[in-house]
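Structural features, examined
Listed below are the residues making up each chain.
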Amino acid sequence: LAKTTQPISMDSYEGQEVNITCSHNNIATNDYITWYQQFPSQGPRFIIQGYKTKVTNEVASLFIPADRKSSTLSLPRVSLSDTAVYYCLVGIYNQAGTALIFGKGTTLSVSS
Amino acid sequence: ETGVTQSPTHLIKTRGQQVTLRCSSQSGHNTVSWYQQALGQGPQFIFQYYREEENGRGNFPPRFSGLQFPNYSSELNVNALELDDSALYLCASSLVAGNTEAFFGQGTRLTVV
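Residues numbered from 1 in each chain as written. Chains lettered and ligands numbered in written order. Predicted model: local features only at pLDDT ≥ 70, side-chain atom pairs only at ≥ 80, totals over all residues. Heavy atoms only, no water.

1. Some words on the overall build of chain B
Helix and strand content of chain B: zero helices and 11 strands. Computed over its C-alpha atoms, the radius of gyration of chain B comes to 13 Å, within 12% of the 13 Å expected for a compact globule of 113 residues. Structurally, chain B occupies a C-alpha span of about 35 × 30 × 25 Å along its principal axes. Counting across all 113 residues of chain B, residues that qualify as buried make up 48%. A sequence separation of at least 24 residues applies to 54% of the contacts in chain B between residues at least 6 apart. Split by element, the accessible area of chain B, about 5200 Å² in all, is 49% carbon and sulfur. Between the centroid of the 7 positive side chains of chain B and the centroid of its 9 negative side chains there is a distance of 7 Å. (Helix = DSSP H or I, 4+ residues; strand = E, 2+ residues; numbered from the N terminus. Rg over C-alpha atoms; globule rule 2.2 N^0.38 Å. Buried < 20%, exposed > 50% of the residue type's maximum accessible area, 1.4 Å probe, protein only. Contact = heavy atoms within 4.5 Å. Areas by Shrake-Rupley, 256 points an atom, 1.4 Å probe, with all protein chains shown as cover. Lys, Arg positive; Asp, Glu negative; His and termini not counted. Charge placed at Lys NZ, Arg CZ, Asp CG, Glu CD.)

Right under this line is the structure:
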């Protein structure tokens, strides 16, 4: 699976929009981009997944440029409860034996 | 809630002992993966089971073994525990083998003393 690079940490205030960018220069043609959120002492939770352009759900948006070498997770109007670690992963969707390869993630701290 | 449940939630073992961790996957999911997460690190893939067969393995020694049962629940067994095995062990289930949208349990915190 392609290696990803993301900031170690980010700080924000309640009500702000937060954008976390992930670099994946060696992404393969069949790779999808997936983001997970993890709170302390809990398992990661799937947030959003995309292949190209823009994907939006009730929680976040995912922006993927045409070259797909990076992606940006956008969290609108964050609250204190969005304080968590966010992981960017790339991998082949629906391939048997696929392991999720996690890096260290980005620790987002939201303050009031 | 994800529907993936793990037991026990916490466990303390002595070095050299053996431990079994259990996972019930989300209803309808036939693929289960296990991950080890050390403090401050991202989860590391141990292995995956699909329809009771091991379907992929990470860089973990053979003393880490597993089983998947006909109801798709799963066990992780670790023999000859070492201090470095202290970690949060996570189970994840998915609808299709290799699906990158996985559902994780809350984990089992293992402490080896």
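2. Digging into the environment of A:Tyr13
Looking at the secondary structure, you find A:Tyr13 in strand 1 (residues 9–13). Those residues in contact with A:Tyr13 that sit more than four places away from it in its chain are A:Val78, A:Val110, A:Ser111 and A:Ser112.

3. Here we look at the state of the cysteines
Taken as a whole and assessed by the stated rule, the structure comprises two disulfides over all chains. Sulfur-sulfur distance for the disulfide between A:Cys22 and A:Cys88 comes to 2.2 Å. Residues A:Cys22 and A:Cys88 are joined through a disulfide that is left-handed, its torsion about the S-S bond being -80°. A residue pair is termed long-range when its members are at least 10 positions apart, and A:Cys22 in strand 2 (residues 18–23) and A:Cys88 in strand 8 (residues 84–92) qualify at 66 residues. Judged by relative accessible area, which is 0%, A:Cys88 ranks as buried. Between the sulfur of B:Cys23 and that of B:Cys91 lies a disulfide, 1.8 Å long from S to S. Around the S-S axis, the bridge from B:Cys23 to B:Cys91 shows a dihedral of about -60° and counts as left-handed. (Disulfide = S-S within 2.5 Å.)

4. With respect to the pattern of salt bridges
Residue and element names in this part refer to chain B. Under the defined criterion, the tally for this structure stands at four salt bridges over all chains. The partner of arginine 63 in a salt bridge is glutamate 82, with the nearest N and O atoms 3.3 Å apart. Highlighted residues: arginine 63 in the loop between strand 6 (53–57) and strand 7 (64–68) and glutamate 82 in the loop between strand 8 (74–78) and strand 9 (87–94), separated in sequence by 19 residues. On the basis of relative accessible area, glutamate 82 is assigned to the partly exposed category, the value being 39%. Because the salt bridges share partners, they merge into one network encompassing Arg63, Glu82 and Asp85. (Salt bridge = Lys/Arg side-chain N within 4 Å of Asp/Glu carboxyl O.)

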